[in-house]
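Chain residues, written in single-letter form:
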Amino acid sequence: MSILPEELRYLESHEWVSVSNETPGIATVGISAFAVAELTDLVFMALPKVGQSVSAGHEFGEVESVKAVSPMYSPVSGTVVEIHSELVNNLESLSVDPYDGGWIMKVQMSDPSELARLLDWTSYKHQCDNA
Amino acid sequence: MSLPSVLTKFSVLQEGAPLDGASLQGIPREGVVLIDPPLSGETNMAIDEALLRDATPESPVVLRVYRWEQPTLSLGHFQSWDDCRAVPGLSDLPWVRRKTGGGAIVHDQEITYSILIPETRNKSSKGHSELLYRAIHGSAVENLQRLGWDAKLSETCTCSTATNQKEEPFLCFSRRSPVDLIIGTDKIMGSAQRRTSAGLLQHGSLLIRHSPTTPELIGLSELITQFPSKLVQEGFRDDSVGSYNKDMREKGLHDALMERGCEKVVATAPFDQTAWVNFLILVLKKGLSQIVNCRWQDRNLDEHSVFM
């Protein structure tokens, strides 16, 4: 299934989250095309571990680009059930496909109502356009 | 103004005045300059980490300039200590890990700086990381050129990607990114960043002179041969070792120059650590003024600076 940016929810810090109808309790998380473009050349990414707890709005990993280390924040709370481990050796692909192929982790959500607090595409795009 | 309590223990604090005009981002900012004595690696990193961790939207912008009580290796945030075994002499040094990225630095004959820009409630101060690098390094270029050095930005890159990161040199000063400050082919200043929701921390290092630990690197002192003064060139050109001069190591620049009959010592100050600290603060303030409009109150610093 293709992930469309218009259908995602976002944190102000540029992480996206997707929830499919097939697995409604699982949130797929990544960073937006805007974030990838801002960060430019990514060289390192530190991922969480499967089984690790994450909290909405708190750091779950780190990324380095142009000697700048930036945290990645989780849009939802829950437990990491899968990580995209191949991504750390293929970070260039994020600039081509930050959504489908660029997912970072999947989280078993503990509180799906947190999704409602995230930005929709229109609000997120407005934030980026005015950055 | 709230500052992390750890600072008051170690730092000479110079408070800046609240701004009375609009800043470049429309957000009035206070600023402080911290000048620390040489401290351990752990303490130096703890201070910078505390600055970032405890930053609030009301915290001041901070410029901190410091040295290290003994030669210490700092690793970039993602670097492996095991990789330093490939560079002779490094694995014997005490070492710390920075919160910022980039390559390893031997903190010996250099001066380190950190800049903290807290996030504000109204608008993110993040922007593109290269903006702050260019602002700070561009300011250093301008001020070094004024002193006679042929400084410029590298505009070349040995930058790694996720797939070839092992191929990049271990040491920061052996790497090149487009915004690094170079003189000739030698890198003299490099910087790296850490960004969190609390703010932006930028580390940087100005290489003052050669360190025995990193014989492949030379600093501003060795590059004195680029000065336009013929006398200085004659005084410091040691043909047997190229740009590095034994007299300068043993006697210091001023004495070595005077012994050789120089009429005008144009570069005495650059070999005085205190003068370089003042120089670096001047550079940082001028560079940072392109990003955040802070007015600093440390006027004595400028009046006594030999570089003004």
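As the structure is a computational prediction, the values presented were derived from the model and not from experiment.

A. Layout of the nonpolar core. By size, the foremost hydrophobic cluster in this structure holds 64 residues, and its most contacted members are L63, V65, L116, L280 and L284 of chain B. Per-element tally for this core: the top contributor is helix α7 (residues 273-288) of chain B, with eight residues. Once you skip the residues sitting within four places of it in the chain, V65 of chain B turns out to touch I35, I111, Y113, V277, L280 and I281 of chain B. Residues V43, F60, L87 and L91 of chain A belong to the second largest nonpolar core, which totals 31 residues.

B. Molecular detail of the interface of chain B and chain A. Across the contact, 22 residues belong to chain B and 18 residues belong to chain A. Residue assignment for the side of chain B that touches chain A shows that the elements contributing at least two residues are α3 (129-147) and β10 (186-196) of chain B. The element that contributes the greatest number of residues to the side of chain B that touches chain A is β10 of chain B, accounting for five residues. The sheet contact formed by strand β7 (residues 68-73) of chain A and β10 of chain B spans two bridges and is parallel. Residue V69 of chain A lies in a different strand from β10 of chain B, and its bridge partner there is R194 of chain B.

C. Representation of unusual backbone geometry in the model. Residues and elements named next belong to chain A. Within the chain, H14 stands out as a residue other than glycine whose phi angle is a positive 80°. Here H14 shows up in the loop between β1 (9-10) and β2 (15-18). The class for H14 is buried, based on 23 C-beta atoms found within 10 Å. Positive phi is not limited to glycine here, since V66 has a value of about 45°. Here V66 shows up in the loop between β6 (59-65) and β7. Judged by the 22 C-beta atoms lying within 10 Å of it, V66 is buried.

D. Representation of the sheet that holds strand β5 (residues 95-97) of chain B within the structure. Residue and element names in this part refer to chain B. Taken together, the three strands give an open sheet; going across it, the order is β5-β4-β6, and neighbouring strands pair in mixed fashion. A strand with exactly one partner marks an edge of an open sheet, and here the two such strands are β5 and β6 (105-107). Shown here is a sheet whose adjacent strand axes are inclined to one another by a mean of 25°, direction ignored.

E. Just the sheet that holds strand β9 (residues 105-109) of chain A, in detail. All names here are of chain A. Strand order in the open sheet formed by six strands is β1-β2-β3-β9-β8-β5, and the pairing between neighbours is antiparallel. Each edge of the sheet is formed by a strand with only one pairing partner; in this case those strands are β1 and β5 (53-54). Across two bridges, β1 lies against β2 in antiparallel orientation. Of the residues in β2, the one forming a bridge with R9 is V17.

F. Spotlight on the confidence of the model for chain B. Residues and elements named next belong to chain B. Per-chain confidence: chain B averages 75 in pLDDT, with 66% of residues scoring 70 or above. Confidence over residues 299-308 falls short of pLDDT 50; this stretch has 14 contacts with residues more than four positions distant or in other chains. Here the complex is predicted with pTM 0.81, and the ipTM for its interfaces comes to 0.87.

G. Spatial organisation of α3 of chain B. Residues and elements named next belong to chain B. Here α3 is 19 residues long and its end C-alpha atoms lie 28 Å apart, about the 27 Å a rise of 1.5 Å per residue gives. S129, L132, Y133, I136, H137, S139, A140, V141 and L144 are the residues of α3 that are buried. Positive backbone phi, approximately 115°, marks G148, located one or two places after α3.

Rules and cut-offs
- Residues numbered from 1 in each chain as written.
- Chains lettered and ligands numbered in written order.
- Predicted model: local features only at pLDDT ≥ 70, side-chain atom pairs only at ≥ 80, totals over all residues.
- Core = buried A, V, L, I, M, F, W, Y, C linked by C-beta atoms within 7 Å.
- Buried ≥ 20, exposed ≤ 12 C-beta atoms within 10 Å, placed from the backbone.
- Helix = DSSP H or I, 4+ residues; strand = E, 2+ residues; numbered from the N terminus.
- Contact = placed C-beta atoms within 7 Å.
- Pairing = 2+ DSSP bridges.
- Axes fitted to C-alpha atoms, helices over the stretch in contact; angles between N-to-C directions.
- pLDDT = per-residue confidence, 0-100.
- Expected span 1.5 Å × (residues − 1).

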